[in-house]
Amino acid sequence: MRRKLAAGNWKMNGSLAALSQLNQIARETASLDVETLICPPSLYVSEALTRVSGNQLNIGVQDCHFETSGAHTGDISASMIADLGASHVILGHSERRADHDESSEDVREKARTALAAGLTAIVCVGESEKQRLAKNTLDIIGGQLAISVPDASKAANMVIAYEPVWAIGTGRTATTAEIDEVHDFIRTRLKDRFGEEGANMTVLYGGSVKPTNAAEIFATNNVDGALVGGASLRAQDFVPIVRALAEA
């Protein structure tokens, strides 16, 4: 059975004071049958874990290195993330692929180390506006899936997040027809490759998800939750999204 997941990606936002939002999120979503996750900047992960100790709110990290240790100044390994007690790591986000020139091969190697460390990997895929206009969306998504997702992936440790690049932080959201087409495609590819495990992998939508459009998005076929950016920074925005997922 597929898990419902509402995941928040704070990106390079937040502060120690902002971590108070986690307590409110944890408190107001505790009774909901939804897995919740916040990925703050790595500097705040340890304190975030302390703040939510004993609650069902999970804390993750936004990236990791593909090596387990070594001379990689500024990087963190999957084993370090697991050692802190964090549960998830976001990999292959379009901002990492674009700003840091990460390839799908890089994402796969990071995912391998994350799975080996006992973390759940959230692997992001998505097309640019130029690629969508050229009607290459499914080819792009298919190629990213085939390379970025390791063979050892299971439903328990692999989450796929579809984030159309043109909808991230722009206020634009894919139509339900566009989301339905891509999520159905992703589900078919996962089932073809991983069988029952692929059928049960959680697939998220990300791209300007807000309280006002969450219910409509979650009613779309094969959408098991969301990877939320700006709306995850405040409990008053994120909690209604989690509630909409619980009711879907």
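This structure is a prediction, so every number in the text was calculated from the model and none was measured. (Residues numbered from 1 in each chain as written. Predicted model: local features only at pLDDT ≥ 70, side-chain atom pairs only at ≥ 80, totals over all residues. Heavy atoms only, no water.)

K.L.:
Describe in detail the state of the cysteines, supporting the description with residues and values.
P.N.:
For the coordinates displayed, the defined rule picks out 0 disulfides. Of all cysteine sulfurs in the structure, the one in Cys124 sits closest to Cys39, which takes part in no disulfide; the separation is 9.6 Å. Relative accessible area serves as the criterion here: at 1%, Cys124 is assigned to the buried category. (Disulfide = S-S within 2.5 Å. Buried < 20%, exposed > 50% of the residue type's maximum accessible area, 1.4 Å probe, protein only.)

K.L.:
An account of the pattern of salt bridges is needed here, citing residue identities and associated values.
P.N.:
This model, assessed by the stated rule, comprises 17 salt bridges. Here Arg96 makes a salt bridge to Glu102, at a shortest N to O gap of 3.0 Å. On the basis of relative accessibility, which here comes to 23%, the residue Arg96 falls in the partly exposed class. Note that Arg187 is salt-bridged to Asp224, the shortest N-O span being 2.9 Å. Here Arg187 is found in helix H8 (residues 176-194), whereas its partner Asp224 is found in the loop between helix H10 (214-218) and strand E8 (225-228), with 37 residues between them in sequence. Here the two residues Arg187 and Asp224 agree in accessibility, since each one is buried. Salt bridges linked by common partners bring Asp63, Arg96, Glu102 and Lys110 together as one network. (Salt bridge = Lys/Arg side-chain N within 4 Å of Asp/Glu carboxyl O. Helix = DSSP H or I, 4+ residues; strand = E, 2+ residues; numbered from the N terminus.)

K.L.:
So what's going on with the side chain of Asp224? Which residues, and what values?
P.N.:
Assessed through its relative accessible area of 7%, Asp224 is described here as buried. Ignoring sequence-local partners within four residues, the contact set of Asp224 consists of Arg2, Arg3, Lys4, Leu5, Arg187, Met201, Thr202, Val203, Leu204 and Leu245. (Contact = heavy atoms within 4.5 Å.)

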